[in-house]
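Remarks on the overall topology
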Amino acid sequence: GPKVLQIPSHQIIDMGQMVTLNCDPVSNHLYFYWYKQILGQQMEFLVNFYNGKVMEKSKLFKDQFSVERPDGSYFTLKIQPTALEDSAVYFCASAGGRRSGNTLYFGEGSRLIVV
Amino acid sequence: GDSVTQTEGLVTLTEGLPVMLNCTYQTIYSNPFLFWYVHYLNESPRLLLKSSTDNKRTEHQGFHATLHKSSSSFHLQKSSAQLSDSALYYCALSDRGGSAKLIFGEGTKLTVSS
């Protein structure tokens, strides 16, 4: 089936440093998402992105967070600076929209540990 | 705001017994989309079932669910559990079609033993 790739799978970073999580979405998908999952808790919506713009973001999407997809390359989530509470697994997802039946396809997640 | 509730955090079953994972939701929208995603260890969460049609049974890979708007429920069922069904199961809600975000429940960890 369609695959969403996430790089890196794991990263340990010092608090205050910048981190960029990369997502290679399903080819031809137009809608992109980031979700955050703290260990043992549910996946929580962070942001979605379409046509070069943020469509909607949650309260979890702090000012230190940003997303972009320059020139159709990776869809990235940047955190600058990182904080201890940013430690989580971040899942990227993409969707083709209504014609694809509203299905979101997820990556395997990027585990971020902030120390 | 919209929310999804999965009452069981952990379900442990013996192989061959029926599976029922509960999911209820709250939304102001009259035509929600409901989803079940399955998440195996070290893999991506993937879609198992989805529905937006009231009182219509949806089936896939031996699992089935029926959206009941009257009770705001979308329970996941299977007649006979298999060892390979052991995974995390997430119920999710979307308030509209297209690019709408999913709102997830807390998930139910299903463990099937022999």
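So, a few notes on the structure that sits alongside this text. (Residues numbered from 1 in each chain as written. Chains lettered and ligands numbered in written order. Predicted model: local features only at pLDDT ≥ 70, side-chain atom pairs only at ≥ 80, totals over all residues. Heavy atoms only, no water.)

Focus: the pairing of strand β6 (residues 53–57) of chain A
Residue and element names in this part refer to chain A. Of the strand pairs in this sheet, strand β5 (residues 44–50) and β6 are connected by four bridges, and their pairing is antiparallel. The residue bridging Phe49 from the neighbouring strand is Val54, located in β6. What sits between β5 and β6 in their antiparallel hairpin is a turn of two residues, with Asn51 showing a positive phi close to 55 degrees. (Pairing = 2+ DSSP bridges. Helix = DSSP H or I, 4+ residues; strand = E, 2+ residues; numbered from the N terminus.)

Concerning unusual backbone geometry
Cis rather than trans, the peptide bond between Ile7 of chain A and Pro8 of chain A has omega equal to 0 degrees. Within the secondary structure, Pro8 of chain A is located in the loop between β1 (5–7) and β2 (10–13). Following Gln80 of chain A, the chain continues into Pro81 of chain A via a peptide bond in cis, with omega recorded as -5 degrees. Among the structural elements, Pro81 of chain A can be located in the loop between β8 (75–79) and β9 (88–95). Within the chain, Asn55 of chain B stands out as a residue other than glycine whose phi angle is a positive 60 degrees. Within the secondary structure, Asn55 of chain B is located in the loop between β6 (46–51) and β7 (57–60).

Section: the state of the cysteines
In protein chemistry, a disulfide is the covalent bond that joins the sulfur atoms of two cysteines. Within this structure, the stated rule accounts for two disulfides over all chains. The disulfide partner of Cys23 of chain A is Cys92 of chain A, and the S-S distance across this bridge is 1.9 Å. Taking the sign of the S-S torsion, -70 degrees for the link of Cys23 of chain A and Cys92 of chain A, the bridge is left-handed. Taken as a pair, Cys23 of chain A in strand β3 (residues 19–24) and Cys92 of chain A in strand β9 lie far apart in primary sequence, 69 residues in all. A relative accessible area of 0% means that Cys23 of chain A is categorised as buried. One disulfide bridge connects Cys23 of chain B with Cys91 of chain B, the sulfur atoms lying 1.9 Å from each other. Note on the Cys23 of chain B and Cys91 of chain B pair: the S-S dihedral is about -65 degrees, so by sign convention the disulfide is left-handed. Residue Cys23 of chain B is found in the loop between β3 (19–21) and β4 (24–26), and its partner Cys91 of chain B is found in strand β10 (residues 87–94); the two are separated by 68 residues along the sequence. (Disulfide = S-S within 2.5 Å. Buried < 20%, exposed > 50% of the residue type's maximum accessible area, 1.4 Å probe, protein only.)

Quick notes on the interface of chain A and chain B
Accessible area lost on assembly of the parts is the figure often given for the size of an interface. Every contact between the two is made by 22 residues of chain A and, on the other side, 20 residues of chain B. Interface of chain A and chain B: buried area, both sides summed, is about 1,800 Å²; carbon and sulfur atoms make up 52% of it. When residues of chain A are sorted by the area they lose upon contact with chain B, Gln42, Met43 and Asn102 of chain A head the list and together hold 30% of the total. For the salt bridge of Lys101 of chain B with Glu56 of chain A, the shortest nitrogen-to-oxygen distance reads 2.6 Å. Here chain A is connected to chain B by eight residue pairs in polar contact (both at pLDDT 80 or more). Of all the secondary structure elements, the ones that give two or more residues to the side of chain A that touches chain B are β4 (31–37), β5 and β6 of chain A. (Contact = heavy atoms within 4.5 Å. Buried area = accessible area lost by both parts, 1.4 Å probe. Salt bridge = Lys/Arg side-chain N within 4 Å of Asp/Glu carboxyl O. Polar contact = N/O pair within 3.5 Å; in protein donor to acceptor, adjacent residues only side chain to side chain.)

Quick look at the side chain of Gln6 of chain A
Residues and elements named next belong to chain A. Relative to the assigned elements, Gln6 resides in strand β1. With relative accessibility at 12%, the residue Gln6 sits in the buried group. Here the side chain of Gln6 touches Cys92 through a polar contact of 3.0 Å, landing on its backbone nitrogen. For Gln6, the side chain forms a polar contact with the side chain of Ser110, separated by 3.4 Å. For Gln6, the residues in contact, after removing those within four places along its chain, are Asn22, Trp34, Tyr90, Phe91, Cys92, Gly107, Glu108, Gly109 and Ser110.

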